[in-house]
Amino acid sequence: MTTQPPTAETDEETDVVRQNADVCNVVGSIKEIGSKWKLIILNDLRDGEKRFNELKRSTGASSYTLSRVLGDLEEEGFIKNRKEFESPVASYYTLTEKGSALCPVFDVLDEWGEDWLE
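Residues numbered from 1 in each chain as written. Predicted model: local features only at pLDDT ≥ 70, side-chain atom pairs only at ≥ 80, totals over all residues. Heavy atoms only, no water.

## Quick look at the side chain of T59
Turning to its location among the elements, T59 is positioned in helix α4 (residues 52-59). Engagement of the side chain of T59 in a polar contact is seen with the backbone nitrogen of A61, the distance being 3.2 Å. Residues contacting T59, with those up to four places away along its chain left out, are W37, I40, I41 and D44. (Helix = DSSP H or I, 4+ residues; strand = E, 2+ residues; numbered from the N terminus. Polar contact = N/O pair within 3.5 Å; in protein donor to acceptor, adjacent residues only side chain to side chain. Contact = heavy atoms within 4.5 Å.)

This is the structure in structure tokens:
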């Protein structure tokens, strides 16, 4: 079995990937948290633990959207869900360590928005 020498195109692609490693992290991060509702919910939970209905009121999300996005965020490790089974049954959501690590990012985005958005 003979192996082919790397092609110029392959070498070029490798160089592009290497040169853009930092960009890849930015793109990957945005892909992970970049949906409108994920950002709104994560930012809202910076204030601390909230019940489902509190999040629904404060974010303006529909029950379906909020439920779906909370499930995604929990599955991805950004939030945790604590249930209380006493009457009335309630679900409480809070940021995990991974979610809390985004707080400085939100602070910088807020400052940027003040400077550049009208």
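So that's the structure; there's more coming.
## Let's talk about a nonpolar patch on the surface
A surface patch of nonpolar side chains, about 430 Å² in accessible area, is lined by W112, W116 and L117. Residue placement: L117 occurs in the segment after α7 (103-116). Here L117 falls in the exposed class, since its relative accessible area comes to 56%. (Patch = residues over 30% accessible without salt bridge, like charges linked within 9 Å, V, L, I, M, F, W, Y side chains within 5 Å. Areas by Shrake-Rupley, 256 points an atom, 1.4 Å probe, with all protein chains shown as cover. Salt bridge = Lys/Arg side-chain N within 4 Å of Asp/Glu carboxyl O. Buried < 20%, exposed > 50% of the residue type's maximum accessible area, 1.4 Å probe, protein only.)

## What to know about the packing of aromatic side chains
This model, assessed by the stated rule, comprises zero aromatic pairs. Lying over the aromatic face of Y92, R82 brings its terminal NZ or CZ to 4.4 Å of the ring centre. Just above the ring of F78 sits the side chain of K98; from NZ or CZ to the centre is 4.5 Å. (Phe/Tyr/Trp six-rings, centres within 6.5 Å; stacked < 30°, edge-to-face > 60°. Lys NZ or Arg CZ within 6 Å of the ring centre and 35° of its normal.)

## Focus: the sheet that holds strand β3 (residues 90-95)
With antiparallel pairing, the three strands of this open sheet are ordered in space as β1-β3-β2. The sheet is open, and its two borders are formed by β1 (50-51) and β2 (79-84), each paired with just one other strand. Bridge count between β1 and β3: two bridges; the pairing is antiparallel. The partner of K50 across the bridge, within β3, is Y93. (Pairing = 2+ DSSP bridges.)

## Observations regarding unusual backbone geometry
Cis peptide bonds are those with omega within 30 degrees of zero, and the linkage from S87 to P88 qualifies with -5°. Tracing the chain through its elements places P88 in the loop between β2 and β3.

## As for the pairing of β3
The side chains of a regular strand alternate, first on one face of the sheet and then on the other. For β3, the tally of buried residues reaches six of six residues, placing the bulk of the element in the interior. The side-chain alternation of β3 yields two buried faces, one formed by A90, Y92 and T94 and the other by S91, Y93 and L95.

## Quick word on helix α5 (residues 63-75)
The periodicity of an α-helix, 3.6 residues per turn, causes residues three or four places apart in sequence to face the same way. A rise of 1.5 Å per residue sets the reference length of α5, with its 13 residues, at 18 Å; its end C-alpha atoms lie 18 Å apart and thus fit the reference within 8%. Those residues of α5 not exposed but buried are T65, L66, V69, L70 and L73. Projected onto a plane normal to the axis of α5, the buried residues spread over an arc of 120° and lie on a single side. α5 presents Y64 and E75 as exposed residues on the side facing more than 90 degrees away from its buried surface. Residue G77 follows α5 closely and has a positive phi angle near 85°. (Expected span 1.5 Å × (residues − 1). Arc of directions from axis to C-beta.)

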